[in-house]
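# Close look at the chain arrangement
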Amino acid sequence: MKSTTQRYQDKCRRPKGFTLLEILVVLVILGLLASLVGPQVFKQLSSSKSKTASLQIEELSSALDLYRLEVGGYPTSEQGLDALINKPANIDKWNGPYLKKSIIRDDPWGNAYIYVFPGEHGEFDLYSLGADKQEGGEGENKDVKSWE
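Residues numbered from 1 in each chain as written. Predicted model: local features only at pLDDT ≥ 70, side-chain atom pairs only at ≥ 80, totals over all residues. Heavy atoms only, no water.

### A look at the overall build of the chain
Within the chain, the secondary structure is distributed over two helices and three strands. Sequence-ordered secondary structure for the chain, helices as α and strands as β, is α-α-β-β-β. Taken across its 148 residues, the chain has 26% of its residues classed as buried. In the chain, once contacts between residues fewer than 6 apart in sequence are set aside, the share between residues at least 24 apart is 42%. Accessible surface, the chain: about 10700 Å² in total, of which carbon and sulfur atoms supply 56%. (Helix = DSSP H or I, 4+ residues; strand = E, 2+ residues; numbered from the N terminus. Buried < 20%, exposed > 50% of the residue type's maximum accessible area, 1.4 Å probe, protein only. Contact = heavy atoms within 4.5 Å. Areas by Shrake-Rupley, 256 points an atom, 1.4 Å probe, with all protein chains shown as cover.)

Next up, the structure:
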């Protein structure tokens, strides 16, 4: 017959762990949290891409204005935004590059910004078509434009 001390020591040696029920309860709680928090996180992510595109358009617009001040006019549509980092042919007063990092970034959805000179809505039009790569749209698919 085992003594009280031996029975106590046997209890202490048993492996400790979680029961299946405890693990299932934790999984249900995590699932509920994910279903409540997940949509809010994705909503913020999509609006942050639009805000990033808007900031990049402002940066490019400022660089285009500086280019115009030094060269005497905006780059043509054919020269495009590349004229901000590489000297176009037949331009003597070019004093660039006009962007800090000397690169033209794509929009947050991985597409090139569209630059048109002369513009229909201002001296130049600079815009991104959004996530759907088509004109118009709402939410993440909405166009981000320099004239709005």
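### Quick look at the nonpolar core
Counting residues in each nonpolar core, the largest one holds 22 residues, and the members touching the most others are Leu64, Tyr67, Leu81, Leu84 and Leu126. Top contributing element to this core by residue count: helix α2 (residues 20–71), with seven residues. Excluding residues within four positions of it along the chain, leucine 126 makes contact with Ile57, Leu60, Ser61, Leu64, Leu81, Tyr113, Ile114, Tyr115, Val144, Lys145, Ser146 and Trp147. (Core = buried A, V, L, I, M, F, W, Y, C linked by side-chain atoms within 4.5 Å.)

### Observations concerning the environment of aspartate 92
One can find aspartate 92 in the loop between α2 and β1 (114–116). A residue is classified by how much of its surface remains accessible, and aspartate 92, at 72% relative accessible area, is exposed. Sequence separation between aspartate 92 and glutamate 70 is 22 residues, and the spatial gap between their C-alpha atoms is 9.9 Å.

### A look at the sheet that holds strand β2 (residues 125–128)
Judged by pairing direction, the sheet is antiparallel, and its three strands sit side by side in the order β1-β2-β3 without closing on themselves. Of all strands in the sheet, those with a lone pairing partner are β1 and β3 (144–145), marking the two edges. (Pairing = 2+ DSSP bridges.)

### Points about the pairing of β2
Side chains of β2 alternate between two faces, with Asp125 and Tyr127 and Leu126 and Ser128 buried alike. In terms of strand pairing, β1 meets β2 through three bridges, oriented antiparallel. If you follow valine 116 over to β2, its bridge partner there is aspartate 125. The pairing of β2 with β3 spans two bridges and is classified as antiparallel. Along β3, the bridge assignment pairs tyrosine 127 with lysine 145.

### A word on the packing of aromatic side chains
For the coordinates displayed, the defined rule picks out six aromatic pairs. Relative to tryptophan 147, the ring of tyrosine 127 has its centre 5.6 Å away and its plane inclined at 75°; by these criteria the two rings are edge-to-face. Taken together, the positions of tyrosine 127 in strand β2 and tryptophan 147 in the segment after β3 put the pair 20 residues apart, joining distant regions of the chain. In this structure tyrosine 127 comes out as buried when scored by relative accessible area, which is 15%. We classify tryptophan 147 as partly exposed; its relative accessible area is 26%. Among the aromatic residues, those joined into a cluster by ring pairs are Tyr74, Tyr115, Phe117 and Phe124. (Phe/Tyr/Trp six-rings, centres within 6.5 Å; stacked < 30°, edge-to-face > 60°.)

### Comments concerning the side chain of aspartate 107
Along the chain, aspartate 107 turns up in the loop between α2 and β1. Among buried Asp, Glu, Lys and Arg side chains, aspartate 107 stands out as unpaired, with lysine 133 the closest opposite charge at 8.2 Å. With sequence-adjacent residues up to four places away left out, aspartate 107 is seen in contact with Gln56, Tyr113 and Ser128. (Lys, Arg positive; Asp, Glu negative; His and termini not counted. Salt bridge = Lys/Arg side-chain N within 4 Å of Asp/Glu carboxyl O.)

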